[in-house]
Amino acid sequence: MAGGGGGVRKISAASARAHTRRPKQTSSFKGGLFSKFIGILFVGVIAYAYQVTKPPPPKTCGSPNGPPVTAPRFKLNDGRHLAYKEHGVPIQDAKHKIVFVHGFDTCRLHNPIADFLPQEMVRELSVYVVSFDRPGYGESDPNPNRTLKSMALDVEELADHLGLGSKFYMVGFSMGGQYLWTCLKYIPHRLAGAGLLAPVVNYWWPSFPANLSKEAYYQQLPQDQWALRVAHYVPWLTYWWNTQKWFPSSSVIAHSPLIVSKQDMEILKNKPANMIDYTAPVRQQGEYESLHRDMMVVFGKWEFDPMDLENPFPNNEGSVHLWHGDEDRMVPVVLQRYIAQRLPWIKYHELRGAGHLFPLGNGMSATVVKTLLTGEN
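Because the structure is a prediction, the values reported are computed rather than measured. In every chain, residue numbers begin from 1 and rise along the written sequence. Restriction of local features to residues with pLDDT of at least 70 applies here, the model being predicted, together with a cutoff of 80 or more for giving and counting side-chain atom pairs; totals for whole chains, interfaces and linings are based on all residues. Side-chain calculation: all heavy atoms of the structure are included, whereas hydrogens and water are not.

Draft legend 1. Main features of unusual backbone geometry. One non-glycine residue, aspartate 105, lies in positive phi territory at about 60°. Each helix corresponds to a stretch of at least 4 residues labelled H or I by DSSP, and each strand to a stretch of at least 2 residues labelled E; elements are numbered beginning at the N terminus. Looking at the secondary structure, you find aspartate 105 in the loop between strand E3 (96–101) and helix H3 (112–115). Summary of the burial criterion: residues with accessible area below 20% of their type's maximum are buried, those above 50% are exposed, and those between are partly exposed, where the area comes from a 1.4 Å probe applied to protein chains only. The exposure class assigned to aspartate 105 is buried, which follows from its relative accessible area of 12%. Phi is positive for serine 174, which is not a glycine, with a value near 60°. When you line up the elements, serine 174 lands in the loop between strand E5 (168–173) and helix H6 (177–186).

Here it is, written out as structure tokens:
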């Protein structure tokens, strides 16, 4: 007989199975799948970004897959090879020895000082000129560890290898002008004189007045402003920026006619018909260790401020000159005027109506050499 509070409730087997069955995990399964998808997508994006920002290895001259070695070269202390080309009288007969430094996207074979210097002046002044391929250009080995100081030391090693003596002259054109600033900093005791021809400037040199630097910077084409921003602020993106097709990259690399002045056009139009085109060997080892490395080093953060340099010739035993055209569309003249004011020991020559290519103009090579070697203007 059952008690008065109620009996035992019977539960069927089916009901028991229903209560003990685990709930479906559809939502958590979908969430896990989505997380995995996002993870795979993220890894894919990172891998793609790494591939597009990673430059290809250089095709070093003399390597199995690289161009052949055709120029005289010597081995630097760090194991790299530096290629060079000699001009003028034999070095043992020379009274004046000049090291010429080529500009951006050119090589040792582009030497307006030697190419256009009248032979009678070469003999009269007993001039010897040597030009060399900067690292990664032409037939000189790349230098992924390039610094401002290493640039000056390369010049000093070249001079010692060739036996230029305790002092020599230097002339730097465009981007090659940066070598002169580094040599004035690190090896001023080796210089007999220096000439800067339309030297490229770093808009982020700390001594430049902000308003002046900004004015000069915005005189460039928009794509060049961006190319330099990338080289300065995010240098690891320099290769990608200058090879991608979404936005216009450097107009200088693209050889855009928009950066050529009226006088530059005349110079190019009237160049000698027998002048050899040396563009092929310039980038033959790849653009990253030549063009892009140039941009990263020159427009990066400098370890010294050129505006703090002191006169290397306090007793007038030599001189430093700077020539610049007032219609240069690649390097605005306004900052060169400031440099001349800030460093009064630099003899400044502003050329009215001239563009960036004035060193290739008629008679300019003779003017530069005579002014530098004899002091005659």
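Draft legend 2. Focus on the pairing of strand E4 (residues 127–132). Counting buried positions along E4 yields 6 of 6 residues, so the element is predominantly enclosed. Relative to E4, strand E2 (residues 81–88) is paired through 5 bridges, and the arrangement is antiparallel. Of the residues in E4, the one forming a bridge with tyrosine 84 is phenylalanine 132. A pair of strands is labelled paired if DSSP reports no fewer than 2 bridges between them.

Draft legend 3. Spotlight on the sheet that holds E2. The 8 strands are arranged E1-E2-E4-E3-E5-E6-E7-E8 in an open sheet whose pairing can be described as mixed. The two strands at the open ends of the sheet, each matched to only one other strand, are strand E1 (73–75) and strand E8 (346–351). Put simply, the sheet's adjacent strands are angled 25° from each other on average, direction ignored. In terms of strand pairing, E3 meets E5 through 4 bridges, oriented parallel. Opposite valine 101, over in E5, you have glycine 172 as the bridge partner. Contact definition: two residues touch when any of their heavy atoms are within 4.5 Å. Interaxial angles span 0 to 180 degrees and are taken between N-to-C directions of axes, which are lines fitted to C-alpha atoms, for helices over the stretch in contact. The strands touched by helix H5 (residues 148–162) are E1, E2, E3, E4 and E5; relative to E2, the strand with the most contacts, the crossing angle is about 60°. Lying over the sheet, helix H14 (residues 364–374) contacts E3, E4, E5, strand E6 (191–197), strand E7 (320–325) and E8, oriented at roughly 155° with respect to E7.

Draft legend 4. Spatial organisation of helix H7 (residues 210–217). For H7, the complete set of buried residues consists of Leu212, Ser213, Ala216 and Tyr217. Down the axis of H7, the sector holding all buried residues measures 135°, keeping them to one side. Exposed residues lying more than 90 degrees from the buried face of H7 are Ala210, Asn211 and Lys214. Elements in contact with the buried residues of H7: helix H8 (222–233) and helix H13 (334–342). Note that the arc is computed from the directions linking the helix axis to the C-beta atoms.

Draft legend 5. Layout of the pattern of salt bridges. By definition here, a salt bridge exists when the distance from a side-chain nitrogen of Lys or Arg to a carboxyl oxygen of Asp or Glu is within 4 Å. In total, this model carries 15 salt bridges according to the counting rule given. Aspartate 160 is the salt-bridge partner of arginine 190, the closest N and O atoms lying 3.0 Å from each other. One end of the pair, arginine 190, is in the loop between H6 and E6; the other, aspartate 160, is in helix H5, with 30 residues separating them in the sequence. We classify aspartate 160 as partly exposed; its relative accessible area is 48%. Residues glutamate 350 and arginine 337 are paired through a salt bridge, measuring 2.8 Å at the closest nitrogen-oxygen approach. Highlighted residues: glutamate 350 in strand E8 and arginine 337 in helix H13, separated in sequence by 13 residues. By relative accessible area, which is 37% here, arginine 337 ends up partly exposed. A cluster of three or more residues bridged by salt bridges with shared partners is formed by Asp78, Arg80 and Asp154.

Draft legend 6. Representation of the packing of aromatic side chains within the structure. Any Phe, Tyr or Trp ring, taking Trp's six-membered ring, that has another such ring centre within 6.5 Å forms a pair; planes under 30 degrees apart are called stacked, those over 60 apart edge-to-face, and the others tilted. The final tally for this structure, using the stated rule, is 18 aromatic pairs. Residues phenylalanine 132 and tyrosine 179 carry aromatic rings whose centres are separated by 5.9 Å and whose planes lie at 65° to one another, so their mutual orientation is edge-to-face. One end of the pair, phenylalanine 132, is in strand E4; the other, tyrosine 179, is in helix H6, and 47 residues separate them in sequence. Aromatic side chains tyrosine 217 and tyrosine 218 sit 5.4 Å apart centroid to centroid with 90° between the ring planes, which places their arrangement in the edge-to-face category. With relative accessibility at 7%, the residue tyrosine 217 sits in the buried group. Here the aromatic residues Trp181, Tyr186, Trp205, Phe208, Trp302, Phe304 and Tyr338 are joined through ring pairs into a cluster of three or more. Positioned above the aromatic ring of tryptophan 226 is the side chain of arginine 229, whose terminal nitrogen or guanidinium carbon lies 4.5 Å from the ring centre. The criterion for a charge sitting over a ring is simple: Lys NZ or Arg CZ within 6 Å of the ring centre, and within 35 degrees of the ring normal.

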